[in-house]
Amino acid sequence: MTRGPYETRLAPELWAYIDAVNAWYPPEIIGLPIDRQREVYDRMSRAFHQGRPPGVTASDSLIATAGRDIPVRRYRLAGTPGKAMVVYYHGGGFILGGLESHNDICAELCAGTGFDVLSVDYRLAPEHVHPAAFDDAVTAFEWAAATSGLPLVLCGESAGGNLAAGVAQATRRHASAAIGQVLIYPGLGGDESTGSYIEHAAAPLLSVADIAFYRDVRSAKRQSLDDPTFSPLRDTDFSGLPPTVIVTAECDPLSSDGEAYRDRIVAAGGKAWWREEPKLVHSFLRARNTVPAAAEAFARIVAAVGALGRGDLPP
């Protein structure tokens, strides 16, 4: 790929990560059939997998719904009664990923907070267009609220951040509404004519063309972009949302979504914090073990989840 202005803007160790991702999952793969993209993505995820921290156990189960069972995986830290549960929605542009692709990230989140983590294997497009993934995300939240007996923190990255935000907005008046949410470089349907969408339109690992591709695959016929379950930033009411932390990457077209979402919540009287991690790119969670800046960002994410789960303000 042409590095352009990012050649000297990004650290050499981050470029090593970007090159490794592109070697596994090159940009041109977006033109291949979705099932082929998934095969390559799954192999890449296995190559980047860091294993499970000591003491973390995982168990798989199914949430029974009409016509569909939703696979979930629950992580627990041995010897530490969970004081909260994190409901985690993985990334992958709504077409990729599952319980295995983000297995190590969820396990490390469990180890770092001591909380239970529930990873949700929501339906993917194009086989299941919107609102299938959103419906599964809400169902998983309601199941966790009904069965865990624990305070819930919503968390998601990229596409999963979109789902977490949508769930928070849809369930804000639920009897067991989430006590916090942490969104990691989420795509929230922001204004693509300004901000990071323009400055970082051709950023490494995610471009505005990629965003348009994923949006089109996810969309049902005549999908309205103003549907807040599809584009959470298009909602007209941001009141009543739980304390929210949004973490974005500076060199990512989606970064402005995080700033805008923070501003909407604060304007509605809520509590929200946005941090743009400098000189990082979309998907930096996978670089947390090789890129110091990504490791520091992940540590801040874990600390934010921990604080919200305890009912504290984020550090």
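Preceding block: the structure.
We now turn to the structure provided with this report. (Residues numbered from 1 in each chain as written. Predicted model: local features only at pLDDT ≥ 70, side-chain atom pairs only at ≥ 80, totals over all residues. Heavy atoms only, no water.)

Some points on the packing of helix H5 (residues 132–147) against helix H6 (residues 159–170)
Put simply, H5 and H6 touch, their axes get as near as 9 Å, and they point 60° apart. As the angle between them shows, H5 and H6 are arranged oblique. Of the two possible hands of crossing, H5 and H6 adopt the one that is right-handed. Side by side, H5 and H6 meet where Ala133, Phe134, Ala137, Val138 and Phe141 of the first sit next to Leu163, Gly166, Val167 and Ala170 of the second. Among the residues making up the contact of H5 with H6, the classes are represented as eight nonpolar, one polar and no charged. (Axes fitted to C-alpha atoms, helices over the stretch in contact; angles between N-to-C directions. Helix = DSSP H or I, 4+ residues; strand = E, 2+ residues; numbered from the N terminus. Parallel < 35°, antiparallel > 145°, perpendicular 65-115°, else oblique. Left-handed = near helix turned anticlockwise from the far one by under 90°. Contact = heavy atoms within 4.5 Å. Nonpolar A, V, L, I, M, F, W, Y, C, P; charged D, E, K, R; others polar.)

Quick look at the environment of Gly160
By secondary structure assignment, the location of Gly160 is in helix H6. Note on Gly160: relative accessible area 0%, which makes it buried. Sequence separation of Gly160 and Leu183 is 23 residues, and the distance between their C-alpha atoms is 8.1 Å. Among residues more than four places away in sequence, those in contact with Gly160 are Tyr89, His90, Gly91 and Tyr122. (Buried < 20%, exposed > 50% of the residue type's maximum accessible area, 1.4 Å probe, protein only.)

Points about the sheet that holds strand E8 (residues 272–281)
Read from one edge of the open sheet, eight strands run E1-E2-E4-E3-E5-E6-E7-E8, paired in mixed fashion. Each edge of the open sheet carries a strand with a single partner, namely strand E1 (56–65) and E8. When strand polarity is set aside, the average angle formed by the axes of neighbouring strands in this sheet is 20°. Sheet analysis places strand E6 (residues 180–184) next to strand E7 (residues 244–251), joined by four bridges and oriented parallel. Following the sheet pairing, Gln181 is matched in E7 by Thr244. Against the sheet, helix H4 (residues 103–113) makes contact with E1, strand E2 (68–77), strand E3 (85–89), strand E4 (116–120) and strand E5 (152–157), and its axis sits at roughly 45° relative to E2, the strand it touches most. Strands E3, E5, E6, E7 and E8 of the sheet are contacted by helix H10 (residues 292–309), whose axis makes an angle of about 165° with E6. (Pairing = 2+ DSSP bridges.)

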